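Close look at the chain arrangement
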Amino acid sequence: MNSLAKPATWEKFFWPLLTAAVLLAVWHYSVIWTATKVFPSPLSVEKGLVELAHKHVLWADITDSLRRVAIGFGLAAIIGIPFGLALGWFPSLNQIFNPVLQILRPISPIAWIPVAIIFFGIGDKPATFLVFLGALFPIVVACASGVSRVPSIYRRAGRNFGLSSPQILARVVFPAALPQILIGLRIALGIAWLVVVAGEMIAVDSGLGYLVIDSRNSGKRYDLVVAAMLIIGVIGLALDLLFRQIEKIRSVRWGFRS
Amino acid sequence: MRLRPVAFILVLLVIWQTAISSHPGQLLPGPWQTLRGIGDLLQHGLLLKYVVASLFRVTWGFLLAAVIAIPLGLTIGWYRRAEMAFNPLVQIFRPISPLAWIPIAILWFGVGDLSAIFLIFIGCFFSLLLTAMSAVHNIPDVYINVGRNFGLSTPAFIYRVLYPAVAPQLIVGLRITLGIAWLVVVAAEMIAVNSGLGFLIVDARNAGNRYDLVVAGMVVIGIIGLLLDLAMRSLEQVKSFRWGFPEN
Amino acid sequence: MSTQSSPQSAGVKLRVDHVRKAFERDGNSISVLEDINLDVRNGEFICLVGPSGAGKSTLLNVMGGFLSPTSGSVAIDGETVQGPDPRRILVFQERGVFPWLTVEGNIGFGLSNLSDAERKQRIAHYVQLVRLQGFEHSYPSDLSGGMKQRLQVARALAVNPDILYLDEPFGALDSVTRFIMRGELLRIWQTERRTIIFVTHDIDEAVQLADRVVVLSSRPAKIQDILTIDIDHPRNLSSPRYLELRDQLAQKIGLAFSA
């Protein structure tokens with residue numbers, strides 16, 4: 001019923017490689033059998049990747065996307081973390097702000113584009129603003145919830161040892177909430193990556209999102225479309241893995257189940 | 001006490017109105033104008049039409065994704081080798097924004113409902129897949145051992161132990177994914193479709209800078225998204241699921 | 001009094017034969033059980049005691065078929081144990097009951113092959129036996145710790161197992177409740193006699209409950225000693241014989257700690 005005896009270590013590589021091979025084969029043969037003229041085969045995507053790598057545009061696009069994520073996410077963190085901590089620490093504040101947040105949150109960042117363009121014009125800034133918006137909510141929510149979930153035992157212990165409120169917040173509550181805050185940041189980073197790509201498809205003319213839509217619009221280069229998609233996926237995964245490394249640092253590791 | 005958030009919202013509205021009024025010739029609308037914009041849309045029947053269109057797409061994309069991703073995710077989460085096989089692939093596809101699939105969507109489905117549903121499906125699929133996988137991992141071993149101890153057949157085990165054990169987590173995952181679906185549909189409609197609330201926003205701006213309609217659309221999007229979330233939360237209250245929340 | 005060799009008696013319900021159990025962790029082999037040999041007679045109440053981490057639970061799980069021995073075998077009624085089976089039910093220390101089922105639902109869990117009428121009857125019988133009348137439609141979240149454990153026992157007994165394994169079932173309860181639960185368990189056992197194998201680290205508990213107490217040494221565990229408790233039930237906890245046996249057991253455990 002359950003998985004059988006513990007899989008061997010080599011299986012960790014075997015199964016995914018097998019699956020990938022099978023999928024590539026299916027992809028390759030469906031392209032041949034359906035005799036499609038437009039949809040790329042794995043080989044043409046590979047060639048497309050090489051082509052992109054040689055055109056300097058790819059590196060510029062990657063840098064642009066990453067830069068927007070860095071700035072937007074960074075701003076969201078700088079503003080969102082203190083704000084979220086405050087919301088978690090002062091329940092009355094949370095009561096006041098929460099309804100507004102609940103109404104704003106379901107509005108896709110992309111829907112803010114017209115407003116963003118009015119404020120920031122066209123170019124980098126609206127895209128960065130969208131990233132900021134997209135990352136802000138998960139960060140605020142994670143910080144608020146992280147703080148409010150810290151067991152009251154810890155706060156009481158802090159008071160028992162004579163710490164003042166700000167000290168308790170800094171030396172007890174914040175470290176206790178840190179694992180959850182980090183998870184929220186990692187999720188927000190993932191969202192930032194999704195938003196930047198989407199935003200670039202509509203509001204800017206550089207970046208990986210733009211590359212995807214431009215490859216189609218100027219010449220139906222679906223091989224480049226798929227190649228760009230794969231690059232987006234890989235970079236997004238890399239960002240996620242990098243962040244998980246931070247979670248491994250000893251002083252936070254206690255908060256994560258091994 | 002209850003009035004505080006309401007008071008705060010009122011304060012925000014006043015600030016908003018003042019900011020707009022003090023800059024005449026501004027494109028952005030104030031709250032009053034926005035309200036009139038909503039009324040405008042209602043009158044012309046556009047609001048209802050677009051809301052229905054967006055909800056229709058969300059429903060189909062969401063349900064399709066749920067029906068496929070949940071059993072698949074439960075299976076992959078249960079069998080170690082299946083997870084080894086599929087996880088790397090999932091991890092690479094997950095960070096690709098559903099919107100990046102637009103060229104492929106248009107290629108396969110043209111411009112219209114099917115494309116939008118496909119995009120929503122993609123967005124919901126990965127979220128639900130991962131939720132299901134994680135839910136299976138989180139089943140306490142005790143429950144599994146008891147199930148084995150009582151000699152349940154595999155179908156009986158799935159129906160009587162696995163499913164009830166994962167249900168609470170799946171419900172939370174469904175709620176979050178519905179939120180994702182709502183975000184995707186709006187964005188998709190701004191880029192790849194010709195109806196719906198997202199389209200309304202782009203269209204209102206393009207055809208005459210009707211920013212009052214733009215912001216009206218945003219407000220409606222926010223409210224409906226919130227209502228969807230609240231509706232899902234009420235599901236969590238159903239007694240037979242409630243066990244999963246206070247204790248777990 | 002303390003023998004390691006097993007009686008060559010008829011009526012051997014469960015036989016543990018040269019069982020060894022080792023776990024792999026980070027490439028190293030950790031030996032938890034080392035050459036365990038034990039015969040348990042039908043209807044006997046056996047307690048497994050030993051220091052924490054000695055491997056008592058591991059041994060129980062091997063006996064139950066949840067773990068397979070690295071070498072050696074366990075046989076019940078002559079049949080080798082291959083996996084978990086409803087003929088031998090394990091009662092866990094905590095979180096064993098299904099939170100999504102009511103008391104009735106939990107007790108009836110293993111009874112799906114009975115007719116509706118039979119099932120209702122059986123459930124009612126066991127609700128009575130463990131004294132949970134009035135709570136048939138309650139969910140485990142409404143029950144106390146002791147009640148949840150009683151529920152687990154009821155669920156286990158309802159399927160009429162030959163053997164009941166209990167893995168420190170009262171460990172998560174307060175001492176008053178523990179005391180009451182021991183009495184309840186004995187009462188139930190005397191009403192519906194089964195073979196019981198009960199893991200505990202509590203010496204008093206072992207002497208109060210068991211026919212024989214099996215003392216395990218610390219890891220890698222061997223059977224250090226087997227103590228026969230030759231007092232009739234109900235046991236007087238202040239009788240000289242009881243105290244004598246208790247002290248003997250304490251001594252043997254002391255030895256086990258330093259093994």
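Residues numbered from 1 in each chain as written. Chains lettered and ligands numbered in written order. Predicted model: local features only at pLDDT ≥ 70, side-chain atom pairs only at ≥ 80, totals over all residues.

Comments concerning helix α3 (residues 116–129) of chain C
Residues and elements named next belong to chain C. Helix length check: α3, at 14 residues, gives a terminal C-alpha distance of 20 Å against a target of 20 Å (1.5 Å per residue), a fit within 8%. For α3, the full list of buried residues reads Ile 123, Tyr 126 and Val 127. Seen from one end, α3 has its buried residues packed into an arc of 105 degrees, which puts them on one side. α3 presents Ala 117, Glu 118, Gln 121 and Gln 128 as exposed residues on the side facing more than 90 degrees away from its buried surface. Packing partners of the buried residues in α3 comprise α2 (103–107) and α4 (145–158). Downstream of α3 by a residue or two, Arg 131 has a phi angle that is positive, lying close to 60 degrees. (Helix = DSSP H or I, 4+ residues; strand = E, 2+ residues; numbered from the N terminus. Expected span 1.5 Å × (residues − 1). Buried ≥ 20, exposed ≤ 12 C-beta atoms within 10 Å, placed from the backbone. Arc of directions from axis to C-beta. Contact = placed C-beta atoms within 7 Å.)

Overview of the interface of chain A and chain B
Between chain A and chain B, the residue contacts involve 48 residues of the former and 48 residues of the latter. For the side of chain A that touches chain B, the elements supplying multiple residues, two or more each, are α1 (11–33), α4 (91–104), α5 (113–120), α8 (165–202), α9 (208–217) and α10 (222–248) of chain A. In terms of residue count, α10 of chain A provides more of the side of chain A that touches chain B than any other element does, 9 residues in total.

As for the environment of Tyr 143 of chain B
Along the chain, the position of Tyr 143 of chain B falls in helix α7 (residues 141–149). For Tyr 143 of chain B, a count of 20 C-beta atoms within 10 Å corresponds to the buried category. For the pair formed by Tyr 143 of chain B and Leu 162 of chain B, sequence separation is 19 residues and the distance between their alpha carbons is 8.5 Å. Here Tyr 143 of chain B is in contact with Val 161 and Ala 165 of chain B together with Phe 98 of chain C, once residues within four sequence places are set aside.

Considering the confidence of the model for chain B
Averaged over every residue, the pLDDT of chain B is 89; the share at 70 or more is 96%. The spread of mean pLDDT over the elements of chain B runs between helix α11 (residues 239–242) of chain B, the lowest at 57, and helix α6 (residues 113–137) of chain B, the highest at 95. (pLDDT = per-residue confidence, 0-100.)

A few points about the arrangement of the chains
Where the 2 pairs of chains in contact are concerned, the greatest contact count is recorded for chains A and B. The smallest C-alpha distance separating chain A from chain C is 10 Å, and no contact links them.

So, unusual backbone geometry
Residues and elements named next belong to chain C. A cis amide bond links His 233 with the next residue in sequence, Pro 234, at an omega value of -5 degrees. Residue placement: Pro 234 occurs in the loop between β10 (223–228) and α7 (240–258). At Arg 131, a position not held by glycine, the phi torsion is positive, near 60 degrees. For Arg 131, the position within the fold is in the loop between α3 and α4. Positive phi outside glycine occurs at Asn 160, with the angle close to 60 degrees. Secondary-structure assignment places Asn 160 in the loop between α4 and β7 (163–167).

A closer look at the environment of Gly 146 of chain C
Residues and elements named next belong to chain C. Within the element layout of this structure, Gly 146 appears in helix α4. Classification of Gly 146 by C-beta neighbours within 10 Å gives partly exposed; the count is 18. Between the C-alpha atom of Gly 146 and that of Gly 110, which follows or precedes it by 36 residues, the distance is 21 Å. Beyond its immediate stretch of four places on either side in the chain, Gly 146 contacts Leu 173, Thr 177 and Met 181.

Remarks on the environment of Thr 70 of chain C
Residue and element names in this part refer to chain C. Relative to the elements of secondary structure, Thr 70 occurs in the loop between α1 (56–64) and β4 (71–76). When the C-alpha atoms of Thr 70 and Ala 117 are compared, they prove to be 44 Å apart, with 47 residues separating the residues in sequence. Beyond its immediate sequence surroundings of up to four residues, Thr 70 is in contact with Arg 20, Lys 21 and Ala 22.

Regarding the interface of chain B and chain C
Listed per partner, the contact involves 14 residues of chain B and 17 residues of chain C. Among the elements that take part in the side of chain B that touches chain C, α7 of chain B stands out by supplying 6 residues, more than any other. Looking at side-chain class alone, the side of chain B that touches chain C contains 8 nonpolar, 4 polar and 2 charged residues. (Nonpolar A, V, L, I, M, F, W, Y, C, P; charged D, E, K, R; others polar.)

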